[in-house]
Amino acid sequence: MAPRNKEQEAEVLTWIGEVLGEKISGDYENVLRDGVVLCKLINKIVPGAVKKIQERGTNFQLMENIQRFQAAIKKYGVPEEEIFQTADLFERRNIPQVTLCLYSLGRITQLHPEYNGPRLGPKMAEKNERTFTEEQLRAHEGQLNLQMGYNKGASQSGHGGFGNTRHM
């Protein structure tokens, strides 16, 4: 498990506050733990992404908020391997994974032109397509590939098969 990064956590909370248009204060995992803030966040990014938010209730009902948030961000385009498990947040098992997931969400918003809110994390790379002529693609064909090694014409002819020694 990766170590926690308090600066990144603070940056995530600031970003969430900017997106929601409200000041978010408190302990990082306690603010996010019940999933209410997360559901409000994805609803602000994608209106109507989460239909029902449980403001209070049993642990099971609050964990459903997190699951609804996860389903919504997966649909939005966050890679599945970057989405945290419900227990990572609710039981505080892997808070750095939660941070990674929220950074990923912030990054994915850049791919959606309809989103014009604040940014989180580095700017995504632009597509850099290159075109090569047939001549450029074939330029290497006459060269000796030294990665395989050059052994002055030695071969395994006469080896006799697997497991046998070569008689000289």
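For the structure, check the block above.
Counting restarts for each chain, with residues numbered from 1 along the sequence as it is written. Note on the predicted model: pLDDT of at least 70 is required for a residue's local features to be given, and 80 or more for side-chain atom pairs to be given and counted; whole-chain, interface and lining totals, by contrast, use all residues. With hydrogens and water excluded, all non-hydrogen atoms of the structure serve as input to the side-chain values.

Student: Quick rundown of helix H6 (residues 95–108)? Include the residues and the values.
Tutor: With 14 residues, H6 extends 20 Å from end C-alpha to end C-alpha; this agrees with the ideal 20 Å at 1.5 Å per step. Most of H6 is tucked away, with 12 of its 14 residues classed as buried. Residue exposure (1.4 Å probe, protein chains only): buried if accessible area is under 20% of the type maximum, exposed if over 50%, otherwise partly exposed. Numbering goes from the N terminus for both helices and strands, where a helix is a DSSP run of H or I of at least four residues and a strand is a run of E of at least two. Every buried residue of H6 is accounted for by Ile95, Pro96, Gln97, Val98, Thr99, Cys101, Leu102, Tyr103, Ser104, Leu105, Gly106 and Ile108. Here the buried face of H6 lies against helix H1 (6–20), helix H2 (28–32), helix H3 (36–45), helix H4 (59–76) and helix H5 (86–90). One less than the number of residues in a helix, times 1.5 Å, gives the span that helix is expected to have. By definition, residues are in contact when any of their heavy atoms lie within 4.5 Å.

Student: Can you break down H3 residue by residue, with the values?
Tutor: Here H3 lies mainly inside the structure; eight of its 10 residues are buried. Listed as buried for H3 are Val36, Val37, Leu38, Cys39, Leu41, Ile42, Asn43 and Ile45. The secondary structure elements touched by the buried residues of H3 are H1, H2, H4, H5 and H6.

Student: Residue-level account of the nonpolar core, with values.
Tutor: One finds Trp15, Ile16, Leu32, Ile45, Phe69, Leu102 and Leu105 to be the most contacted residues of the largest nonpolar core, which totals 37 residues. When near neighbours in sequence (up to four residues on either side) are disregarded, isoleucine 45 contacts Trp15, Val19, Tyr76, Leu105, Thr109 and Tyr115. We define the nonpolar core as a collection of buried residues of types Ala, Val, Leu, Ile, Met, Phe, Trp, Tyr and Cys that are connected through side-chain atoms lying within 4.5 Å of one another.

Student: Please set out the pattern of salt bridges residue by residue, giving values where relevant.
Tutor: Throughout this description, the term salt bridge denotes a Lys or Arg side-chain nitrogen within 4 Å of a carboxyl oxygen of Asp or Glu. As enumerated under the stated definition, the model contains nine salt bridges in all. Here lysine 6 makes a salt bridge to glutamate 9, at a shortest N to O gap of 3.9 Å. Taken together, the residues span about one helical turn, with lysine 6 and glutamate 9 both in helix H1 at a distance of three residues. The class for lysine 6 is exposed, based on a relative accessible area of 55%.

Student: For unusual backbone geometry, give the residues involved together with the corresponding values.
Tutor: At arginine 92, a residue that is not glycine, the phi angle is positive and equals roughly 55 degrees. Within the fold, arginine 92 resides in the loop between H5 and H6. Given a relative accessible area of 38%, arginine 92 falls into the partly exposed group.

Student: Before we move on, can you summarise the packing of aromatic side chains with the specific residues and values?
Tutor: When two rings of Phe, Tyr or Trp (its six-membered ring) have centres within 6.5 Å they constitute a pair, described as stacked for plane angles under 30 degrees, edge-to-face for angles over 60, and tilted for the intermediate range. On inspection of all chains with the given rule, the structure shows one aromatic pair. A cation sits over an aromatic face here: arginine 33 above phenylalanine 90, 4.1 Å from the ring centre. Should the NZ of a Lys or the CZ of an Arg lie within 6 Å of a ring centre and within 35 degrees of the ring normal, that charge is described as sitting over the ring.

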